[in-house]
Amino acid sequence: MLLTLSQTGPQAESISFLLHKHPANLHVVELPFGNATVFYTETTDEKFTVQLLLAIDPVELVRGAQQLEQYVNDRPYVASSYLTVAMGRVFGTAMAGNCKKRPELVDTKLPLTVVVEVIRSLGGEQVLHKLFEPLGYKVSVTRHSLDEKFPEWGESPYFRLALEANATVRDTLTHLYVLMPVLDDQKHYYVGDAEVEKLLSRGEGWLNTHPERQLIVSRYLKRRVSLMDQAFARLLSDEVEDTDAAESQAEQSGIAEKELERPLTLHTQRINLVATRLKELGAKTVLDLGCGEGRLIRRLLADRTFERIQGVDVSHRALEVAASRLKLESMPARQRERLTLLQGSLLYRDHRLAGFDAAAVVEVIEHLDQPRLLAFERVLFEFARPTHIVITTPNREYNVLFPTLLPGKMRHGDHRFEWTRQEFEGWAFRVAERFSYTVRFEPVGPVDALHGAPSQMAIFVLGEGGAA
Ligand code: SAH
């Protein structure tokens, strides 16, 4: 498989400094699955072209494999995770943004072109455009043709991809590094926690604002739900941090509120809405049930009217991340005293949940097996029995408006159900009646006339019994 990078225009040799590869030499690196060779095919005043050729050893690839198809496959020819591993090895320094000899070049945008000779693109040509264009590339795609004698083979899934941009070498390599395996949608190695780190660090500065970030994260992490959760939680909390920072900056410099009103993600809107309602209800002590990585907690801590906040989650890992994101260790004592994080399940009676003014259960119920909702209802409404309960859950009707969601699919691999507005309201009314609460409803996020809002919220108040 072959990757070609060129720089055109004056000082075209810059690229050789950035890549740390002398134009006169052939650079060969041995990898567990083959050899990577870097060489230059053009070194004129006007244009430098460097090629990365990865020769995969097909026998090495399938050591121990039993089946023929594992010997006869497209891996040696198609740009894939093998190529990105090779890129990491041969261009790692460039991707890290190090260039001792010419440090000023690292952040210099250069006229670059990239050609990936053969890439599979799950979802076709359109996906190539959707992934690279938002990053500022001019994208040209040619579909490789299959043998004309066999029309029944259909269209080839392989493309030649050419990109052009005025960009830094570091960014361009990084984009390829992340997006090639996303296009190919296969990885030859185990995808675990380390991949989340890799994705977030390589994606820094661009992934968060990429319109296809959902697709990128899910394919990069091979749709492993727990990993996707981690990645999204961190991308989103970076967003909250950015928003917080922008807000405090705006406050200091007196920028008009309107300037601040850039679009917030749905989750940020949801968290803000829940916090606002809790405050209006006069809650001073709040349970955050299924607190996950602590986004609501963070928002509540920022408001002194909330005197005591207790986050509960069944996932030890989520609580660890919450503790680290909330910087629990270094939190000032006065703040720290207001917060407790507990591991616990919402399906078992727990005396530690009693005695709070309010409970928030944000995007949690849909993670519970439906038959176990009965247990959850008793734990919360009968035993914990706070005065106010705010519950949010997706509105399934809205799913048709998500462009990347396949029909009939749920938004998240761990969702056990997603309710329509009627289903949610029906459930909430029954629960309210049974446990003597009143309930009202509110949409969360932008409301579509036909399908409602993406998420829905029920606010229960202890007391009057039955529906409000
Ligand atoms: N409320 C958070 C997290 C939502 S994700 C937010 O809005 O950001 C759902 C969370 O519910 C996960 O953190 C999951 O670990 C937790 N959860 C799922 N089942 C649970 C149970 N039985 N008891 C407690 N928490 C549970």
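Residues numbered from 1 in each chain as written. Predicted model: local features only at pLDDT ≥ 70, side-chain atom pairs only at ≥ 80, totals over all residues. Heavy atoms only, no water.

If you look at the biggest cluster of nonpolar residues, it comprises 72 residues, and the most contacted ones within it are L54, M87, F132 and L221. A per-element tally of this core places helix α5 (residues 169–184) first, with nine residues. When residues no more than four places from it in sequence are discounted, the contact partners of M87 are L3, L52, G92, M95, L173, L176, Y177 and M180. With 33 residues, the next largest nonpolar core counts W427, A432, V439 and A458 among its residues. (Core = buried A, V, L, I, M, F, W, Y, C linked by side-chain atoms within 4.5 Å. Buried < 20%, exposed > 50% of the residue type's maximum accessible area, 1.4 Å probe, protein only. Helix = DSSP H or I, 4+ residues; strand = E, 2+ residues; numbered from the N terminus. Contact = heavy atoms within 4.5 Å.)

Bringing the site of the ligand into the picture now. Near the ligand you find 17 residues, and of these H267, G290, D313, L346 and V362 are the closest. Computed on the free molecule, the ligand has an accessible area of 570 Å², of which 85% lies beneath the protein chains in the complex. (Near = heavy atom within 4 Å. Areas by Shrake-Rupley, 256 points an atom, 1.4 Å probe, with all protein chains shown as cover.)

So, about the packing of aromatic side chains. Inspection of every chain in the model, using the stated rule, returns 13 aromatic pairs. Ring geometry for F381 versus F435: centroids 5.8 Å apart, planes at 25 degrees, classification stacked. Of the two residues, F381 is situated in helix α14 (residues 373–384) and F435 in helix α15 (residues 421–435); the sequence distance between them amounts to 54 residues. The exposure classification of F381 matches that of F435, with both residues buried. Arranged with centres 5.2 Å apart and planes meeting at 75 degrees, the rings of F429 and F441 form a pair that is edge-to-face. Of this pair, F429 sits in helix α15 while F441 is found in strand β13 (residues 437–444), placing the two residues twelve residues apart along the sequence. Overall, the relative accessible area of 25% leaves F441 in the partly exposed class. The ring of F17 is capped by R102, whose NZ or CZ atom sits 5.1 Å from the centre of that ring. (Phe/Tyr/Trp six-rings, centres within 6.5 Å; stacked < 30°, edge-to-face > 60°. Lys NZ or Arg CZ within 6 Å of the ring centre and 35° of its normal.)

The next subject is the sheet that holds strand β4 (residues 47–56). Strand order in the open sheet formed by seven strands is β2-β3-β4-β1-β5-β7-β6, with antiparallel pairing between adjacent strands. The sheet is open, and its two borders are formed by β2 (27–31) and β6 (138–143), each paired with just one other strand. The sheet shows a mean angle of 15 degrees between the axes of neighbouring strands, taken without regard to direction. Across nine bridges, strand β5 (residues 110–120) lies against strand β7 (residues 158–167) in antiparallel orientation. Across the sheet, the residue bridging to L112 is A165, located in β7. Each of β1 (2–8), β2, β3 (34–43) and β4 touches helix α3 (residues 81–95); the most contacted strand, β4, lies at about 125 degrees to it. Along the sheet face, helix α4 (residues 125–132) touches β5, β6 and β7 and points at about 165 degrees away from the line of β6. (Pairing = 2+ DSSP bridges. Axes fitted to C-alpha atoms, helices over the stretch in contact; angles between N-to-C directions.)

Here we take up the side chain of T49. Along the chain, T49 turns up in strand β4. Taking relative accessible area as the criterion, T49 reaches 4% and is therefore assigned buried. If sequence neighbours within four positions are ignored, T49 has contacts with T4, L5, S6, F39, Y40, T41 and E42.

It is worth spelling out the pairing of β3 at this point. Where β2 and β3 come together, five bridges link them in antiparallel fashion. For L31, the partnering residue across the bridge sits in β3 and is G34. Count of turn residues in the β2/β3 antiparallel hairpin: two residues. Sheet topology note: the β3/β4 ladder contains nine bridges and is antiparallel. When the bridges of β4 are listed, G34 appears paired with I56. Counting the residues that bridge the hairpin from β3 to β4 gives three residues.

The next point concerns the packing of α4 against α5. Orientation of α4 relative to α5, taken along the N-to-C sense of each, is 155 degrees, at an axis distance of 11 Å. It follows from the interaxial angle that α4 and α5 lie roughly antiparallel. Considering only the axes of α4 and α5, their crossing is right-handed. Residues V127, L128, L131 and F132 of α4 form the contact with α5, whose participating residues are L176, L179, V182 and L183. Classifying every residue of the contact of α4 with α5 gives eight nonpolar, no polar and no charged. (Parallel < 35°, antiparallel > 145°, perpendicular 65-115°, else oblique. Left-handed = near helix turned anticlockwise from the far one by under 90°. Nonpolar A, V, L, I, M, F, W, Y, C, P; charged D, E, K, R; others polar.)

A few words now on the sheet that holds strand β10 (residues 339–343). With mixed pairing, seven strands are arranged side by side in an open sheet as β10-β9-β8-β11-β12-β14-β13. The open sheet is flanked by β10 and β13, the only strands paired with a single partner. For this sheet, the mean inter-axis angle between neighbouring strands, taken without regard to orientation, is 15 degrees. Pairing analysis gives five bridges linking strand β9 (residues 308–313) to β10, with the strands arranged parallel.

Bringing the confidence of the model for the protein chain into the picture now. Averaged over all residues, the pLDDT of the protein chain equals 86, while 87% of them reach at least 70. With pLDDT under 50 throughout, residues 250–262 is counted as low confidence; its partners more than four residues away or in other chains account for seven contacts. (pLDDT = per-residue confidence, 0-100.)

Turning next to helix α7 (residues 213–220). Judged by how many residues are buried, α7 sits mostly within the fold: seven of eight residues are covered. Taken as a whole, α7 has its buried residues at R213, L215, I216, V217, S218, R219 and Y220. Of the residues trailing α7, K222 is marked for its positive phi of about 50 degrees.

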